[in-house]
Amino acid sequence: MYKLIGLPRTRAIRVLWMLEELGVEYEIEPAAPRSDEAKKYNPSGKVPILQTGDDLIIDSVAICQFLADKHGKLTYPAGTIERAHQDSFTQFAMDDIESPLWFNAKNTFILPEDLRSETAQKACKYDFERAVGVLSERLGTNTYVMGEEFTVPDILLGHCANWAQHGAGWEIPAGAALEYFDRVRARPAMQRAIKIRDSYA
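In this text, all values refer to a predicted model and were calculated from it rather than measured experimentally.

About the thresholds
- Residues numbered from 1 in each chain as written.
- Predicted model: local features only at pLDDT ≥ 70, side-chain atom pairs only at ≥ 80, totals over all residues.
- Heavy atoms only, no water.
- Salt bridge = Lys/Arg side-chain N within 4 Å of Asp/Glu carboxyl O.
- Helix = DSSP H or I, 4+ residues; strand = E, 2+ residues; numbered from the N terminus.
- Buried < 20%, exposed > 50% of the residue type's maximum accessible area, 1.4 Å probe, protein only.
- Pairing = 2+ DSSP bridges.
- Axes fitted to C-alpha atoms, helices over the stretch in contact; angles between N-to-C directions.

Asker: For this particular structure, what's the right way to read the pattern of salt bridges?
Answerer: Opposite charge on two side chains permits pairing when their charged atoms draw close. Applying the stated rule across the entire model yields 12 salt bridges. Its salt-bridge partner being Glu 98, residue Arg 14 comes within 2.4 Å of it at the nearest N-O pair. Here the residue Arg 14 occupies a position in helix H1 (residues 12–22), and Glu 98 occupies one in helix H4 (residues 81–110), the gap between them amounting to 84 residues. When its relative accessible area of 10% is taken as the criterion, Glu 98 is described as buried. The salt bridge partner of Glu 37 is Lys 40, with a shortest N-O separation of 3.1 Å. Judged by relative accessible area, which is 58%, Lys 40 ranks as exposed. Shared partners join several salt bridges into a network, and the residues in it are Arg 11, Arg 14 and Glu 98.

Written out as structure tokens, the structure is:
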């Protein structure tokens, strides 16, 4: 059985969603970010952390890809051209979509007040909107980023869409990207993950 360490309202929900997609057994230890409990597993105090056997894996992207590879689901095999394209979408999700969300959060409530910048917040929103436009172009008529197959980057992008709308309060304009985000977030595994998340709120 896996142990997911981290409050589900954090990036831990990505791993929770992945575990629900896979239908495997797991338990949750709802450690808050930077808490003493989290620091027992990760010196930085960042969550999520996945315990598998006697080992620990940190970083939500690494955890999700590990789980996909281990169970042979929601991913293409390493060394294939499809996996290279999939990994490209994973990097795009982190570099272009999540990065402005995270920097905006830092300048909204994470950094000390005297270090926050309203200009940075505006720049982050601009970067995010531009990235969503690029995502729409890359998607084309695909159901998911890799076509008809739901893969790891779809989880990452779906989570970022929730973060943008419900965390940052940013609107996502109507179009291919919003339709894609709605489609991804409507998956039963995501709906189960949200219910679990809300039980810890």
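Having put the structure on the table, let's press on.
Asker: Help me understand the sheet that holds strand E3 (residues 49–52), please; the structure alone is not making it clear to me.
Answerer: Strand pairs in the sheet, formed through backbone hydrogen bonds, run parallel or antiparallel to each other. On the basis of which strands lie adjacent, the open sheet formed by 4 strands has the order E2-E1-E3-E4 and mixed pairing. In this open sheet, the two edge strands, each paired with only one partner strand, are strand E2 (26–29) and strand E4 (55–58). Geometrically, the sheet is characterised by an average inter-axis angle of 25° between neighbouring strands, direction not taken into account. Relative to E2, strand E1 (residues 2–5) runs parallel, the two being bridged by 4 bridges. Considered in E2, the bridge of Leu 4 is made with Ile 28.

Taken by themselves, the reported measurements are silent on function.
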